[in-house]
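# Fold and contact review
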Amino acid sequence: MAIKHFAEIILRGISQIFLLNNVITGILFLAGAFYNSWPIGIGAVIGVLTGTLTAMVLKYKREDINQGLYGYNGALVGLATVYFFGFSMPSVIALFFGAILSSIIMHFMISRKLPPFTAPFIISTWIVMAIILTCKIIPLQSAQLPNAGNLEIIPALSRGIGQVMFQENIFTGIILFIGILVCSRISASYALLGTGIGVVVACVCSFPLSMINAGLFGFNGVLCGIALSGKKWHHVILAIASIVVSVFIMFGMSRLGIITLTAPFVISTWLILLLSNALRSRLRSAT
């Protein structure tokens, strides 16, 4: 395989973090990650390489590999592992294990025609975190949210996009948004819709302001919006419903002390798709 082709696969894998498929977008996403934190950026690179190479060694479908579908969950595992446990030999070993596992889970879901989204990342990362914390291998690095007296609208919107890649930097969020825009204006519009509705719903419900400003009620909505994006009104309605549901799932899981990752996005999107398909089936049977 030519180096250029392999590099494109890796960059597509990075872009697939936001469910997109564009080499330039992947470059911008990596640039945004490294701008904020080079250890987290390296974690993403190790993860996407491990996930992709695992799929190649196990001879999964070449077309799926070329589209970066076996890279993005590994990249997310890398981002999450370094974010929560720092960059060290034990965390890198855990990263390798999680990224390999994510590709295996991804293949299982694809082969059964299930919409995986970021579920392989969530499952494999939860398993890795459970092992690390149970065996007390590495202490969890818990980020303390600063006290907030006022809503910071622009930072909250930007961080809502950045938090998809565990980035709390405002400028990184802007870089990531540009990356989305390069690939698809529709996806960029839905990304803004997702982070915006997340902020509005959280404010109306008087959820913790520090979490709102940190973008924690927006990043799942960003992915919900992109996953359900489309040019017709029913796409908008489904996206908004999924975004709103994701905010409440995020709040509920956080109150239980669960490290949510992108689980609110996956759960809410699966629920909305199931309800939508059930409704369509009833309408067809009625006619």
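Below or above, wherever it landed, is the structure these notes cover. On a predicted model such as this, the values are computed, not experimentally measured, just so you know.

## Some remarks on the overall build of the protein
Helices and strands together make up the secondary structure of the protein, namely 14 helices and 0 strands. Helices and strands appear in the protein in the N-to-C order α-α-α-α-α-α-α-α-α-α-α-α-α-α. Since a compact globule built from 287 residues should have a radius of gyration of about 19 Å, the 18 Å found for the protein is in line with a globular shape. Overall size of the protein, expressed as C-alpha extent along the three principal axes, is 55 × 50 × 35 Å. Sorting the 287 residues of the protein into buried and exposed places 53% on the buried side.

## Thoughts on helix 1 (residues 3-15)
For helix 1, spanning 13 residues, the distance from its first C-alpha to its last is 18 Å, which sits close to the expected 18 Å at 1.5 Å a residue. Turning to helix 1, its buried residues number three or more, namely I9, I10, L11, G13, I14 and S15. Where helix 1 is buried, its residues meet helix 2 (23-36), helix 3 (38-57), helix 4 (62-66) and helix 5 (72-85).

## Comments concerning the packing of aromatic side chains
Counted under the stated rule, the structure contains 11 aromatic pairs. Pairing F84 with F166 gives two aromatic rings, centres 5.9 Å apart and planes at 80°, and the pair type is edge-to-face. Placement of the pair is F84 in helix 5 and F166 in the loop between helix 8 (153-162) and helix 9 (170-183), with a sequence separation of 82 residues. The structure contains a cluster of three or more aromatic residues connected by ring pairs, namely Y83, F84, F121 and F166.

## Comments concerning the side chain of T125
Tracing the backbone shows T125 in helix 7 (residues 119-134). Excluding residues that lie within four positions of it along the chain, T125 makes contacts with V77, A80 and L261.

## Focus on the pattern of salt bridges
One pass over the structure, following the stated rule, counts 1 salt bridge. Between E152 and R159 there is a salt bridge, with the nearest N and O atoms lying 3.6 Å from each other.

## Focus: the side chain of N22
Counting through the fold element by element, N22 comes out in the loop between helix 1 and helix 2. At a separation of 2.9 Å, a polar atom in the side chain of N22 contacts the main-chain amide nitrogen of I24. Aside from chain neighbours lying at most four places away, what touches N22 is L11, R12, S15, V182 and C183.

Definitions and limits used
Residues numbered from 1 in each chain as written. Predicted model: local features only at pLDDT ≥ 70, side-chain atom pairs only at ≥ 80, totals over all residues. Heavy atoms only, no water. Helix = DSSP H or I, 4+ residues; strand = E, 2+ residues; numbered from the N terminus. Rg over C-alpha atoms; globule rule 2.2 N^0.38 Å. Buried < 20%, exposed > 50% of the residue type's maximum accessible area, 1.4 Å probe, protein only. Expected span 1.5 Å × (residues − 1). Contact = heavy atoms within 4.5 Å. Phe/Tyr/Trp six-rings, centres within 6.5 Å; stacked < 30°, edge-to-face > 60°. Salt bridge = Lys/Arg side-chain N within 4 Å of Asp/Glu carboxyl O. Polar contact = N/O pair within 3.5 Å; in protein donor to acceptor, adjacent residues only side chain to side chain.

Shape descriptors only; they carry no functional weight alone.
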